[in-house]
Amino acid sequence: MLDQRYITFQILSKTKSYTKTAEKLFITQPAVTQQIKSLENELNLKLVNYKQPSLQITKYGQKLAEFINNINVQSNKFIHQLKETPKKRKLIFGSTRSVAIFMTPNIINKLENQFYNIECVVTNTNEILKMIDNGKLDFAILEGNFNKQKYSYHVIKDEKFICVAGVDNPLTSNKMFKIQELLKQNLLLREMGSGTRFIFANWLESLNITENDFNKVINVNEPTVINNLLQYNLGISFMYKSLAEKEINAGHLKEIKIKGLDIVRPINLVALKNNYFNELINLIE
């Protein structure tokens, strides 16, 4: 276990305030300052730059704060596992909305016998990563970008990224279109912060195009609603093929072939470094 100075520094890295840190720990401000200086002297590293009224955590301090958080989260999980019998183990994992529709039912089915209680939190990539950092999730299934130096991860599937529209849209022919030919269309997109929105925006940027170049952008945070709107011929959307595969096979939606759209993205199982999630990989795959 880490001594109190590390805990004090972790809180300081979040509050960016000696006063607020002292209040949280019920100690004096000079005591906080003394602990931080003692830690810096012991490690021979500058952790904090303080020029009143602003306090900044150095790059060494940021790495240390991340390490402390990881240790605390893993310690709590380990102690919890020691106390609980296998039949009473609880699992909380996260998933982005896009992935939740075509992957999480199968994952829950495979893990159901291993845990007494299973909870799946469905939200966007940014929120899921915050919850992993805070120890609120054991792992997550993500299709969005994340810091691969910060997290442990394992690729469980590769997904093709496609353009989709209702079958009555004239663009759903077998012709190969240039993206510029689609700019008069309405765009149906997930909310900002979602993995698919980020992928699409990056691809457009590489072509010197933005979302605003299209006729209109309609934001919807539920993928199933987007698929329903596409069937009303309200525009086009970009998503993982598995997300529209059921509707495509049923003849309700159709893929628009676009020159240069050859994106394949990995779906990852993501957790904090040194997390106890490795035992689950074989069960999920």
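Because the structure is a prediction, the values reported are computed rather than measured.

Caption draft 1: The arrangement of the side chain of N124 in detail. On the secondary structure map, N124 appears in the loop between β4 (117-122) and α7 (125-133). For N124, a relative accessible area of 12% puts it in the buried group. For N124, the side chain forms a polar contact with the main-chain nitrogen of E127, separated by 3.0 Å. Sequence-distant contacts of N124, that is, excluding residues within four places in its chain, are made with T96, R97, E191, M192, G193 and S194.

Caption draft 2: Main features of helix α2 (residues 18-25). Every buried residue of α2 is accounted for by Y18, T21, A22 and L25. The arc that holds the buried residues of α2, viewed along the axis, is 100 degrees, so those residues lie on one side. Among the exposed residues of α2, those oriented more than 90 degrees off its buried face are E23 and K24. Lining the buried residues of α2 we find α1 (4-15), α3 (29-43), β1 (48-51) and β2 (54-57). If you check the start of α2, you find a side-chain oxygen 3.3 Å away from the backbone N of T19, and it comes from S17. Just past α2, the residue F26 takes up positive phi, approximately 60 degrees.

Rules of the game
- Residues numbered from 1 in each chain as written.
- Predicted model: local features only at pLDDT ≥ 70, side-chain atom pairs only at ≥ 80, totals over all residues.
- Heavy atoms only, no water.
- Helix = DSSP H or I, 4+ residues; strand = E, 2+ residues; numbered from the N terminus.
- Buried < 20%, exposed > 50% of the residue type's maximum accessible area, 1.4 Å probe, protein only.
- Polar contact = N/O pair within 3.5 Å; in protein donor to acceptor, adjacent residues only side chain to side chain.
- Contact = heavy atoms within 4.5 Å.
- Arc of directions from axis to C-beta.

All quantities given are derived from atomic positions and should not be read as evidence of function.
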